[in-house]
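One-letter residues, chain by chain:
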Amino acid sequence: MITNQELFDKYMQVSGKIRRFSKENGMVSPGGERPHGPAEGRMCPPPMPGMPPMMEGMHRHGPHPRRLSRERLLVLIYNYPEGIRQKDLAEAGGINASSTSEVVNRLEEDGYLVRTIDETDRRATLLKLTDLGKARAAELQDEKEAMLEQLFSALSKEEKETLATLLDKLIA
């Protein structure tokens, strides 16, 4: 059985493929806007009722990039209880090294993570979450799971499997 997270990941792969195709074929400018420019005078629609706090502000233009990077990196580090090197974190998060450094410094200042010496290579530093960081990452995971459950709740198990198969065809 496919999980909501796996289905969402497939959807995001297709979404990325569509963006790349659109950009390559002149349908979207390199800045992400339509060639004719942004829609002037349009108001953002209100957020969906029951939208988890993590998703607030994403209903039209997405959250502030720093908030998204911060929360994404926090959850990524959470998935490495033994710690992760900053370079590996940047790669896993898909963001550049300087942005990763900025976010990591802020997370450390706020008490969400600590830097420790990697015992396998004493020249390297590992990033590990503090108890506060683990608690916040767990909250974010719960919010994401609730959002995905809400997103895919209209589909039966069979429909989710069918959608996954169709998305796989688009990914290939």
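Moving on, we get to helix α5 (residues 131-152). The first and last C-alpha atoms of α5 sit 32 Å apart over 22 residues, in line with the 32 Å expected at 1.5 Å per residue. Three or more residues of α5 are buried, namely Gly-133, Ala-137, Leu-140, Glu-143, Met-147, Leu-148 and Phe-152. Along the axis of α5, the buried positions cluster into a sector of 150°, meaning they face one direction only. Facing away from the buried surface of α5 by more than 90 degrees, the exposed residues are Asp-131 and Glu-145.

This part takes up the confidence of the model for the chain. Taken residue by residue, the chain gives an average pLDDT of 81. The fraction at 70 or more is 76%. Confidence drops under a pLDDT of 50 for residues 35-48, and excluding neighbours within four residues, the segment shows 14 contacts in the predicted structure. Predicted confidence for residues 51-66 stays below pLDDT 50, and this span has 28 contacts to residues more than four positions away or in other chains.

Moving on to the nonpolar core. Ranked by internal contacts, the top residues of the largest apolar core, which has 17 residues, are Leu-74, Leu-89 and Leu-113. Listing elements by their share of this core, those giving two or more residues are α2 (65-78), α4 (97-109), β3 (125-129) and α5. A per-element tally of this core places α2 first, with five residues. Contacts of Leu-89, omitting those with residues within four sequence positions, involve Leu-73, Leu-76, Ile-77, Ile-84, Thr-100, Val-104 and Leu-127. By size, the runner-up hydrophobic cluster in this structure holds nine residues, among which are Ile-2, Val-14, Leu-148 and Ala-164.

Another point: a negative patch on the surface. Together, Glu-6, Asp-9, Glu-158, Glu-159 and Glu-161 line one region of the surface with negative charge. Looking at the negative patch, the elements with two or more residues in it are α1 (4-24) and α6 (157-171). If one sorts the elements of the negative patch by residue count, α6 sits on top with three residues. Within the element layout of this structure, Glu-158 appears in helix α6. Classification of Glu-158 by relative accessible area gives exposed; the value is 58%.

What follows concerns helix α3 (residues 86-93). An α-helical segment advances 3.6 residues per turn. Residues three or four places apart therefore align on the same side. Taken residue by residue, α3 has Leu-89, Ala-90 and Gly-93 as its buried positions. Buried residues along α3 cover an arc of 100° about the axis, so they all sit on one side. Relative to its buried face, α3 has exposed residues pointing more than 90 degrees away, namely Lys-87 and Glu-91. Just downstream of α3, Gly-94 is the residue with a positive phi angle, here 70°.

What counts, and where the lines are drawn
- Residues take numbers from 1 onward in each chain, read along the sequence in its written order.
- Local features are withheld for residues below a pLDDT of 70 in this predicted model, meaning they are given only at 70 or higher, and side-chain atom pairs are given and counted only at 80 or more; totals for whole chains, interfaces and linings count all residues.
- As a rule here, side-chain values come from all non-hydrogen atoms in the structure, and water together with hydrogens is ignored.
- The helix count covers DSSP runs of H or I at least four residues long, the strand count covers runs of E at least two residues long, and both are numbered beginning at the N terminus.
- For a helix, the expected span equals 1.5 Å multiplied by the number of residues minus one.
- Throughout, exposure labels follow a simple rule: accessible area from a 1.4 Å probe, protein chains only, divided by the maximum for the residue type, with under 20% read as buried, over 50% as exposed, and the rest as partly exposed.
- As used here, the arc is the angular range of directions from the helix axis to the C-beta atoms.
- Note on scores: pLDDT gives the predictor's confidence for each residue, bounded by 0 and 100.
- Contacts were defined at the residue level, with two residues in contact if any of their heavy atoms lie within 4.5 Å.
- Buried Ala, Val, Leu, Ile, Met, Phe, Trp, Tyr and Cys residues form a nonpolar core when they are joined through side-chain atoms within 4.5 Å.
- In this analysis, a patch consists of residues with relative accessible area above 30% that form no salt bridge, clustered at 9 Å for like charges and at 5 Å for the nonpolar side chains Val, Leu, Ile, Met, Phe, Trp and Tyr.
- Using a 1.4 Å probe, the Shrake-Rupley method yields the accessible areas, and only the shown protein chains count as cover for residues.
- The rule for a salt bridge is simple: a side-chain nitrogen of Lys or Arg has to be within 4 Å of a carboxyl oxygen of Asp or Glu.
- When charges are counted, neither His nor the chain ends are considered; positive counts come from Lys and Arg and negative counts from Asp and Glu.
- Taken as the charge location is NZ of Lys, CZ of Arg, CG of Asp or CD of Glu.

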